[in-house]
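# Residue-level structure breakdown
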Amino acid sequence: MRTRMLAAGATLALIAAAAGAASPDAAHLRLRLERMLVTGSALYVAAHPDDENTALLAWLAQGRKVRAGYLSLTRGDGGQNLIGTEQGDVLGVIRTEELLAARAVDGAEQFFTRAIDFGYSKSPEETLRVWGHEAVLADLVWVIRSFRPDVIVTRFPASGGGGHGHHTASAILAVEAFSAAADPSRFPEQLRLVEPWQATRLVWNAWRRPGDPPVPGRLTVDVGAYEPLLGRSYAEVAAEARTMHKSQGFGSSPRRGSLPQEFEHVAGARAESDLFEGVDLSWGRVPGGDAVTALLARAAAEFDDRRPWRSAPRLVEALAALDRLPANALVAAKRAELLEVVRDCLGLWFDVTSPAATAVPGRAVELTVTALNRSPEPISLRRVEVPHTSTGAPAGGALEENRPFDAKVSTVLPASVPHSLSYWLREAHGPGTYTLPEGSPVGAARSPAALSARFTVDVAGREVSFDVPAVHRWTDPVEGERWRPLAVVPPVTAGASKPVVFFPDAAARVVRVTARAHAAATARLDLELPAQWRVEPASVDLAFAKPGEERAVTFTVTPPPGTTTEEMVVRLDGAPARRAVEVDHRHIPPQLLLPLATARLVRVDVARPVERVGYVMGSGDEIPEVLRQIGFRVELLSDEELSEGDLSSFGAIVVGVRAFNTRGRLAALASRLMSYVESGGTLVVQYATSRETVTDAIGPFPLALSRDRVTDEAAAIELLDPGHPLLRIPHRIAAADFEGWVQERGLYHAGTWDPRYTPLLSMADPGEKPTRGALLVARHGAGTYVYTGLSFFRQLPAGVPGAIRLFVNLLGGGRSGD
């Protein structure tokens, strides 16, 4: 990566331009000009999206004007989701884009390692074992050697106290990487592309409990300082950035006024009064940098906010001076910054758009390339280069002020062009780390653009080139202009309509597969099934005349006897198909994922003690769809239906995960749910977080939630009352029903409860005391109330047979039938 950057010369991949972002206003341009004079850098290290201190990042990037980066070891794939039902890898993609949206606000850069957020971990030892200590350390060292920070800051202390094994592990790894990055004997294979790097110091972004006395020796920075050019403080900038973490529910209100941050020395040179004490933040650290300083300082002093283009010639001189300096990572990074400033001072706009959102290897791609000079400065377009075999590339010419130059270009993608898969998702992975193919851009937030055009323009007598990714744009009648990256896809994608297909008895089931064309194509579609499973028809031939056509194909699949869980593969022309998965949330660009088209086949005998189930959806889960597949009639209940509907018509009502946190009306409607139980209904309440519930009355009797959880999905389970109806009707629950669970047993168990509740299960993580609050049941009037912190929202969509059997028992409330 660094070699490519150094060899690229005066080029810049303009992601902001591809996104259609407006050029920055004059105040931001002035800040960026001033930032060109600063050569320092700082890297913030933590475990997850939303762990970062956005106020500090804003202060670093826009206050101290250093190059700031956030290294999140994971992409947050194991968390919960407040804006949809996405989990796992797809949620990781959403949170990656949310982090990038946050960085666009606070001005920092974003990095990752290959570590997977495998869910809550209670110890750093477990975390490092699951991740693979050396693999993640190698990635962290690579980012440090590439980014070359002067100061490294950890969000959490290495000694513990971060409340999560991932948190402490991130600090432990940062301490190790601080030294390892400077040691040429550590990860020497990296030294073909980067050099060892010793940061000046490592500090912990410390905290104190309210009322605790100040800790001697800590540095203090006020990130609540006001920046007149921005018209707000760095803490106010931070609130906007943090609100981008919408899937985590981290919308933030601005804080105004002083906001001190403390830093505790960990390693390297101790600082007495300033984070960058002893660090040369000027161009003097680069041999020959004085000439660059003089040119940049003059450009900043002469900057005219009404006529920013007047700074461009001086900035191009600085670019020439930069090109005469020894090539290194700092010079390459500042060159990229300077090119962006040149572009924005001139109001240059470059665009590469495709009328379609997808392109197919071996087929032509039609593009419109646009160049616009929004200044009176004389700018000439020298050439536009589109890779591969292209026709119609414009010869160029003078760019008249504020008159777009447009041209149609056609290029044929080679058949060998890879599909647009997120680089960390190209190969199957285990629970701890992504498997990165050779050549992956380790540490990068995204894969490189599928297709880019290079615009070369003449500015003040110097050729400057900009690489602009191709995008698809459209107008949404509500949101206005939207865009998405152009994606390279197979000619045909296909996938089962459901990721898990349930067979609650021995009868055959219809499996529906949808195939979509991205080009005119033919294909033979079939299902690869395990032995003893039968399918009809054996295959179906498809023919598509044009892109966008779809075919829905139905197969009849017959399961073998007995309980089993298997994998089905959808194939096209005998090879595993790719499934097109659209991820579309308004605060991030839409994403197209191409996972392998597989589905789980779950054969488990399920009796139905009730027929009609009401579901009070919380933050979003897929349990209703699972229940429908196994034969229940499920209706999602609105607040109005809860308030005025006939609840007695439901055999059971389920309250979804975090509903008591996210649905404010439940504060008033909880009593109606309890009346439903008292009249003979069964109410199953799934977990709510222990803080900020809309009411304390989540059960008919006093019940306090805790933060207790069992993170070991294989933890032993003790049935406290095996004869209880909930554990034997209609399915007799045994130890085997807790095999094959995923990620965790449960979370936010009940902590204390009224004696009228009966705990049914006991469990514990290794070395901990058992918790008995994962499953409570109480009779209330003629009905049954259940609180459960078991993570059914993960287990049922994953097709875990025992979890399905137990959940159905809960719906029955101990009854064998209606």
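This is a predicted model, so every value here is computed, not measured.

## Regarding helix α4 (residues 54-63)
- Extensive coverage of α4 is indicated by the burial of nine of its 10 residues.
- Those residues of α4 that fall on the buried side of the exposure criterion are Thr54, Ala55, Leu56, Leu57, Ala58, Trp59, Leu60, Ala61 and Gln62.
- The N-cap of α4, judged by a side-chain oxygen 3.2 Å from the amide nitrogen of Ala55 a few residues on, is Asn53.

## Here we look at the sheet that holds strand β4 (residues 151-154)
- Strand order in the open sheet formed by seven strands is β3-β2-β1-β4-β5-β9-β6, with mixed pairing between adjacent strands. Strands at the two margins of the open sheet, each flanked by one partner only, are β3 (109-112) and β6 (219-222). Here the strands of the sheet are splayed against their neighbours by 30° on average, with no regard to which way each runs.
- Sheet topology places strand β1 (residues 41-46) next to strand β2 (residues 67-72); six bridges connect them, and they run parallel. Looking at the pairing, Ala42 lines up with Ala68 of β2.

## Regarding the nonpolar core
- If you look at the biggest cluster of nonpolar residues, it comprises 79 residues, and the most contacted ones within it are Tyr785, Tyr787 and Phe792.
- Of all hydrophobic cores here, the second largest spans 55 residues; its members include Leu33, Ala321, Cys345 and Val365.

## Focus: the sheet that holds strand β36 (residues 652-655)
- Spatial ordering of the open sheet is given by β35-β34-β36-β37-β46-β45-β43, a layout of seven strands whose pairing is mixed. Because the sheet does not close on itself, it has two edges, and the strands there are β35 (633-636) and β43 (758-759).
- Here strand β45 (residues 775-780) runs beside strand β46 (residues 783-788); their pairing, made up of six bridges, is antiparallel. Within the sheet, the bridge partner assigned to Val777 lies in β46 and is Val786.
- Relative to strand β37 (residues 682-686), helix α18 (residues 801-812) is tilted by about 135°, and along the sheet it contacts β34 (612-616), β36, β37, β45 and β46.

## So, the packing of α4 against helix α5 (residues 88-106)
- Look at α4 against α5: their axes get within 9 Å of each other, and the N-to-C directions meet at 45°. In terms of orientation, α4 lies oblique with respect to α5. Residues Thr54, Leu57, Ala58, Ala61 and Gln62 of α4 lie in contact with α5, whose contacting residues are Arg103, Val105 and Asp106.
- Looking at the contact of α4 with α5, its residues break down into four nonpolar, two polar and two charged.

## Some words on the pattern of salt bridges
- With the rule as written, the count across this model stands at 54 salt bridges.
- The partner of Asp476 in a salt bridge is Arg586, with the nearest N and O atoms 3.7 Å apart. With a gap of 110 residues between them, Asp476 in strand β19 (residues 471-476) and Arg586 in the loop between β31 (581-583) and β32 (591-593) connect regions that are remote in the sequence.
- Residue Asp476 is classed as buried on the basis of its relative accessible area of 13%.

## Things to note about the packing of aromatic side chains
- Using the criterion set out here, one finds 15 aromatic pairs in the structure.
- Centre to centre, the rings of Phe111 and Phe147 are 5.3 Å apart; their planes meet at 65°, and the pair counts as edge-to-face. Here Phe111, found in strand β3, pairs with Phe147, found in helix α7 (residues 133-147); they are 36 residues apart in sequence, far enough to count as distant. Accessibility assignment for this pair places Phe111 and Phe147 in one class, buried.
- Measuring from centroid to centroid gives 5.1 Å for Trp204 and Trp207, while their planes differ by 80°, and the two rings are edge-to-face.
- Judged by its relative accessible area of 11%, Trp204 falls in the buried class.

## With respect to α18
- The end-to-end C-alpha distance of α18, which contains 12 residues, comes to 17 Å, matching closely the 16 Å that a straight helix rising 1.5 Å per residue would cover.
- α18 sits mainly inside the fold: 12 of its 12 residues count as buried.
- When we look at burial in α18, the residues that qualify are Pro801, Gly802, Ala803, Ile804, Arg805, Leu806, Phe807, Val808, Asn809, Leu810, Leu811 and Gly812.
- Backbone geometry just downstream of α18 places Gly813 in the positive-phi region, at approximately 60°.

## Description of the pairing of β35
- Where β34 and β35 come together, four bridges link them in parallel fashion. Residue pairing in the sheet places Tyr615 in a bridge with Leu636 of β35.
- Taken together, β34, helix α13 (residues 623-629) and β35 constitute a β-α-β crossover, and its handedness is right-handed.

## A word on the confidence of the model for the protein chain
- Mean pLDDT over the protein chain stands at 93; residues scoring 70 or higher make up 97%.
- The low-confidence segment residues 1-20 (pLDDT under 50) makes 54 contacts with residues lying over four places distant or belonging to another chain.

Thresholds, definitions, all that
- Residues numbered from 1 in each chain as written.
- Predicted model: local features only at pLDDT ≥ 70, side-chain atom pairs only at ≥ 80, totals over all residues.
- Heavy atoms only, no water.
- Buried < 20%, exposed > 50% of the residue type's maximum accessible area, 1.4 Å probe, protein only.
- Helix = DSSP H or I, 4+ residues; strand = E, 2+ residues; numbered from the N terminus.
- Polar contact = N/O pair within 3.5 Å; in protein donor to acceptor, adjacent residues only side chain to side chain.
- Pairing = 2+ DSSP bridges.
- Axes fitted to C-alpha atoms, helices over the stretch in contact; angles between N-to-C directions.
- Core = buried A, V, L, I, M, F, W, Y, C linked by side-chain atoms within 4.5 Å.
- Contact = heavy atoms within 4.5 Å.
- Parallel < 35°, antiparallel > 145°, perpendicular 65-115°, else oblique.
- Nonpolar A, V, L, I, M, F, W, Y, C, P; charged D, E, K, R; others polar.
- Salt bridge = Lys/Arg side-chain N within 4 Å of Asp/Glu carboxyl O.
- Phe/Tyr/Trp six-rings, centres within 6.5 Å; stacked < 30°, edge-to-face > 60°.
- Expected span 1.5 Å × (residues − 1).
- Right-handed = clockwise from strand over helix to strand, strands pointing away.
- pLDDT = per-residue confidence, 0-100.

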